[in-house]
Amino acid sequence: MKIAIIGGGPAGLYAAILLKKQRPRADIAVYERNRADDTFGFGVVFSDATLDNFEKHDLPSYQRITQEFAYWDDIAVHFRGTVHRVGGNGFCGCSRRTLLRILQERARELGVTLQFEVDLEDETQFADADLLILSDGINSRFRQKYVDHFQPEVDLRANKFAWMGSTKPLDAFTFIFQETEWGPFIAHAYQYEAGHSTWIFETDPVTFEKAGLTGLDERQSADRMKEIFGWFLGDHPLLINRSMWRNFPMIRNKRWVKDNMVLLGDAKSTAHFSIGSGTKLAMEDAIALAEAMQRAPSIPAALDLYEHGRREEVEKTQHAADVSLVWFEHVDRFWDFDPVQFAFGVMTRSKAITYDNLTLRAPDFVAEVDKAFARQVRSNGFDVDVDKPVAPMFQPLKLREMTLANRAVLSPMCMYSAEEGVPGDFHLVHYGSRAIGGAGLLFTEMTCVSRDARITPGCAGLWNDAQEAAWKRIVDFVHANSQAKFALQLGHAGRKGATKLMWDGMDRPLEQGGWDVVSASPLPYFPDSRVPRELDRASMDTIKADFVAAAERGHRCGFDMLELHCAHGYLLASFISPLTNRRTDEYGGSLENRLRFPLEVFAAMRAAWPAHKPMSVRISATDWAEGGITGDDAVLIARAFGEAGVDLVDVSTGQTVREARPIYGRMFQTPFSDQVRNEAHVATMCVGNITTADQVNTILAAGRADLVALGRPHLVDPAFTMRAAAWYGAEMVCPPQYLPGKEQIFRNSMRERQDFEELKIKAKPKTRAELKAEASKPLAAE
């Protein structure tokens, strides 16, 4: 077998090593355009988990790497005159030149041919190769040559960064957030060998321009950074090596394989330096390719297995990197945060590290986070304990005159179980049990303001006396048997009306018994959906009056809060999104015009709703579709509703058009809540694949939302919040009928949490930094 590898970086060299181990008789050659000892940048960084992977796949190179690496456990965050150190992270650094030398020597040991200073532009000379690996980096010539096949997407990010070095010793992975007269600068720094550290400097394009960095050469740029970070660097210089300022390219490819050619490493995909995954991603690509070659019966089958088996893991890493880089791009959102909350945000920015995880690793740090959160609550008028505070999830919140005992919310979820809009016994049990289970706030399902406003025949409504009486029965039960507050969500289905029950075909049109539907514009949701009638002024007035009448009924029912549904492609959302609003009158065109009718409805409801009771609005912060609403638009939408008197923005996303392509994942909508909260400066509620109390605490402590709504977890566990209170040792009101159960779960949870944490600590292997520190201790005298 003949294998040619174009590109002698870590991806190409490691692939050569692993494939040669599998096939000692194979002819494997690596072709690199640079010299053997050329390298750009300074150090690379790996986690302990990545080193475990290297140890499993090639012990000799792993041993060489670990002998050369510098190890550390701590992450240090410098911000506004404070330093917060968080331990137990398990990182290590190595010179990039050293890593390449180790891999080159290992490849030669195995009999791989290495050819340097070979500048290839044409792969035809490898016509006799069975496999051609394209690992020629970010600016891959061969990816570009076959651009129509690989279909790369290159997202050139806004921030500017430059890679430099220093002789400054560091004992932690160090983040420095530096305010300057021009704006914020960020340093990402770590030691990779004795007397040498990597320094990546980053700033936004406006600050870059104001600081006069445009047009400076490498040395001049380094001198400017030394001026800014000299207080930390001291006498240590900044070193340069191709240290030009640039924009980071996030690269994805629709295809990774063409015939017998396969993309590897940065040619295939990149991950932002803020999570230190570029070299890791490249070398793990090599591992995945080698494993596929070993398992598959042929090269085509192996390449197919590699692409389809590896893609999900790569996309997860890239998603984490995306979330992380966006945090750094918008660090100014958090500049006024309490420093410990800011440091918590740094640690949890990519969602890989959470509140509970940090509690195990750095309990003193999380205790300070809890105290900072409690101080914020106290400053809002609550007499809470700031010395031994409860977890953020169980801190109170006040909206107008409504006080919530905790921050856990039953998300609005359609049950499709009403009869002619009347909620029945199912709804009484559904809401009543979740209230007794401890949720601080309950939301009704989208409750329709008229018969023709329903999504399905099973939707609940509030347009007649029977419905009002049924809802009042449920509200009274909730108030009599729990501390929970109850919010009424009102909406109109618009063009998504007259559809089947969810389990019969979500958003699919009724075959019989349907009704006429309306929207901002006459655009059906599916091609075979009913074509909606475009609303005229008279119909808009009628619908606005329906919302007001339902709000007045809601007050008589005793609801504590009112929410207007302007999301998910329903009627009011169809006005807001340019994908569903094609009007040419004063209700179409600009965002200001598209918001006009939803704001009219909100203002009319706010006037009818008692002034002491809060109101919220649910929005889709992105349509997940080209040309639709974006996060930046969501900030403007939230500000507009804030000016109209909204007290809380319920931040959801999507479901506007059927061609939407959401990027799912844990807490996947939380970044939009974060943006709206910290740019529009309004209270927010986040929702979307949030499944644990740990995630709730992580979101709240990092300042990404003020309330957290959970849907599916509440469906399977009505006592979700009660269980969480027991786990975190927070007090919880409980009806007397259920007190014995509450007391038992609180007793059991204290023991279970202690046992769990002890097991987690025992099961967690020591980091290499800890092992190295232990090995360096002198032996005790016998």
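To keep things clear, this report deals only with the structure shown in the data block.

About the cut-offs
- Residues numbered from 1 in each chain as written.
- Predicted model: local features only at pLDDT ≥ 70, side-chain atom pairs only at ≥ 80, totals over all residues.
- Heavy atoms only, no water.
- Pairing = 2+ DSSP bridges.
- Helix = DSSP H or I, 4+ residues; strand = E, 2+ residues; numbered from the N terminus.
- Buried < 20%, exposed > 50% of the residue type's maximum accessible area, 1.4 Å probe, protein only.
- Arc of directions from axis to C-beta.
- Axes fitted to C-alpha atoms, helices over the stretch in contact; angles between N-to-C directions.
- Parallel < 35°, antiparallel > 145°, perpendicular 65-115°, else oblique.
- Left-handed = near helix turned anticlockwise from the far one by under 90°.
- Contact = heavy atoms within 4.5 Å.
- Nonpolar A, V, L, I, M, F, W, Y, C, P; charged D, E, K, R; others polar.
- Phe/Tyr/Trp six-rings, centres within 6.5 Å; stacked < 30°, edge-to-face > 60°.
- Lys NZ or Arg CZ within 6 Å of the ring centre and 35° of its normal.
- Salt bridge = Lys/Arg side-chain N within 4 Å of Asp/Glu carboxyl O.

The next point concerns the sheet that holds strand β1 (residues 2-6). Across the sheet, six strands lie side by side as β8-β2-β1-β9-β17-β16; this open sheet has mixed pairing. Each of the sheet's edge strands pairs with one partner strand only, and the pair in question is β8 (113-116) and β16 (257-258).

Bringing helix α3 (residues 59-68) into the picture now. Those residues of α3 not exposed but buried are Ser 61, Tyr 62, Ile 65 and Thr 66. Looking straight down α3, one finds its buried side chains confined to an arc of 130°; they lie on one side.

Here helix α15 (residues 465-481) crosses helix α17 (residues 537-557) at 40°, and the two axes come no closer than 8 Å. Looking at the two axes, α15 sits oblique to α17. Considering only the axes of α15 and α17, their crossing is right-handed. Only Arg 553, Arg 556 and Cys 557 of α17 make contact with α15, whose side of the interface consists of Asp 465, Glu 468, Trp 471, Lys 472, Val 475 and Asp 476. Taken together, the residues of the contact of α15 with α17 sort by class into three nonpolar, no polar and six charged.

Relative orientation of the contacting elements α3 and helix α4 (residues 96-110) amounts to 155°, with a least axis distance of 10 Å. Here α3 is positioned roughly antiparallel relative to α4, judged by the angle of their axes. For the pair α3 and α4, the sense of crossing is right-handed. Across the interface between the two elements, Pro 60, Ser 61, Arg 64, Ile 65 and Glu 68 of α3 pack against Thr 98, Leu 99, Arg 101, Ile 102, Leu 103, Glu 105 and Arg 106 of α4. Of the residues in the contact of α3 with α4, the class split is five nonpolar, two polar and five charged.

The final tally for this structure, using the stated rule, is 41 aromatic pairs. Arranged with centres 4.9 Å apart and planes meeting at 55°, the rings of Tyr 31 and Phe 126 form a pair that is tilted. One end of the pair, Tyr 31, is in strand β2 (residues 27-32); the other, Phe 126, is in the loop between β8 and β9 (131-134), with 95 residues separating them in the sequence. For the pair shown, Tyr 31 and Phe 126 are each scored as buried. Where Trp 624 meets Phe 672, the ring centres are 5.5 Å apart and the plane angle is 85°; that geometry is what we call edge-to-face. Pair noted here: Trp 624 is in the loop between β27 (615-620) and α21 (631-643) and Phe 672 is in helix α22 (residues 670-680), with a separation of 48 residues, a long-range link. Among the residues examined, Phe 672 registers a relative accessible area of 16% and is labelled buried. Here Lys 496 stacks its cationic end above the ring of Tyr 570, 4.9 Å away from the centre of that ring.

What follows concerns the pattern of salt bridges. Scanning all chains against the criterion turns up 48 salt bridges. Taking the shortest distance from any N to any O, the salt bridge between Arg 106 and Asp 58 comes out at 2.9 Å. Linking Arg 106 in helix α4 with Asp 58 in the loop between α2 (48-57) and α3, this pair joins segments that are 48 residues apart in sequence. Residue Arg 106 shares its accessibility class with Asp 58, and that shared class is buried. Arg 333 is paired through a salt bridge with Glu 679; the nearest N and O atoms lie 2.7 Å apart. Residue Arg 333 is located in the loop between α10 (299-329) and α11 (339-348), and its partner Glu 679 is located in helix α22; the two are separated by 346 residues in the primary sequence. In this structure Arg 333 comes out as buried when scored by relative accessible area, which is 11%. Each of Lys 21, Asp 58, Arg 106 and Glu 109 takes part in one network of salt bridges that share partners.

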